[in-house]
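# Chain and residue survey
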Amino acid sequence: MYPTGWKVDEDFMLPGTRRSISVEPPKDSSTSSVLIEIYSKNNLLYIPEYRQYDSSLKQFAKRYNKRDVGAKLTKPEPITQKFVTRDNWKGLQETQPFNIGTYINDTLIREYYRMDTKDEIVFITMDTEKDKYKATASGLDTILKSFKYQ
């Protein structure tokens, strides 16, 4: 489930995934999203960094940041990481200054969570600007509380 007014923006397959779903708040918050990515457990656990929960979140965050379009537009800024708990889910939270010339000067906040099923590993990522964090995190809470995957 996701909050009223949010929509599934994309339902696609990123390289290596079985399925990727982007859920976004209303258009006035178009820079925020929650991304759900489903991977084959057999393929992912072949990589040592994905075998342990905490290290898998750090590895996934590293890969996510390399493919993030915004990261390619900015000069690299330091990323601060800490582990957080949200509704009984342990996750990794990142905070990063985000600058594009003189046009945008903001802070990005990302959170990563992982769910293991019998055959798959699901990563749920929230990506938002600091001033939209509270509203986006509320949507993430709805998704995490209702998320069930077999």
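Residues numbered from 1 in each chain as written. Predicted model: local features only at pLDDT ≥ 70, side-chain atom pairs only at ≥ 80, totals over all residues. Heavy atoms only, no water.

## Some details on the packing of aromatic side chains
Taken as a whole and assessed by the stated rule, the structure comprises 7 aromatic pairs. With 6.2 Å between their ring centres and 80° between their planes, Y39 and F60 make a pair best called edge-to-face. Of the two residues, Y39 sits in strand β3 (residues 33-40) while F60 sits in helix α2 (residues 53-67), which places them 21 residues apart along the sequence. Neither residue differs from the other here; Y39 and F60 are each classed as buried. Consider the rings of F60 and F123, whose centres lie 4.2 Å apart with planes at 5°: the pair is stacked. Placement of the pair is F60 in helix α2 and F123 in strand β7 (residues 120-129), with a sequence separation of 63 residues. The two residues F60 and F123 agree in class, both being buried. Taken together, the ring pairs in this structure connect Y39, Y50, F60, Y64, Y112 and F123 into an aromatic cluster. Above the face of the F83 ring, K90 is positioned so that its terminal group lies 4.9 Å from the ring centre. (Phe/Tyr/Trp six-rings, centres within 6.5 Å; stacked < 30°, edge-to-face > 60°. Helix = DSSP H or I, 4+ residues; strand = E, 2+ residues; numbered from the N terminus. Buried < 20%, exposed > 50% of the residue type's maximum accessible area, 1.4 Å probe, protein only. Lys NZ or Arg CZ within 6 Å of the ring centre and 35° of its normal.)

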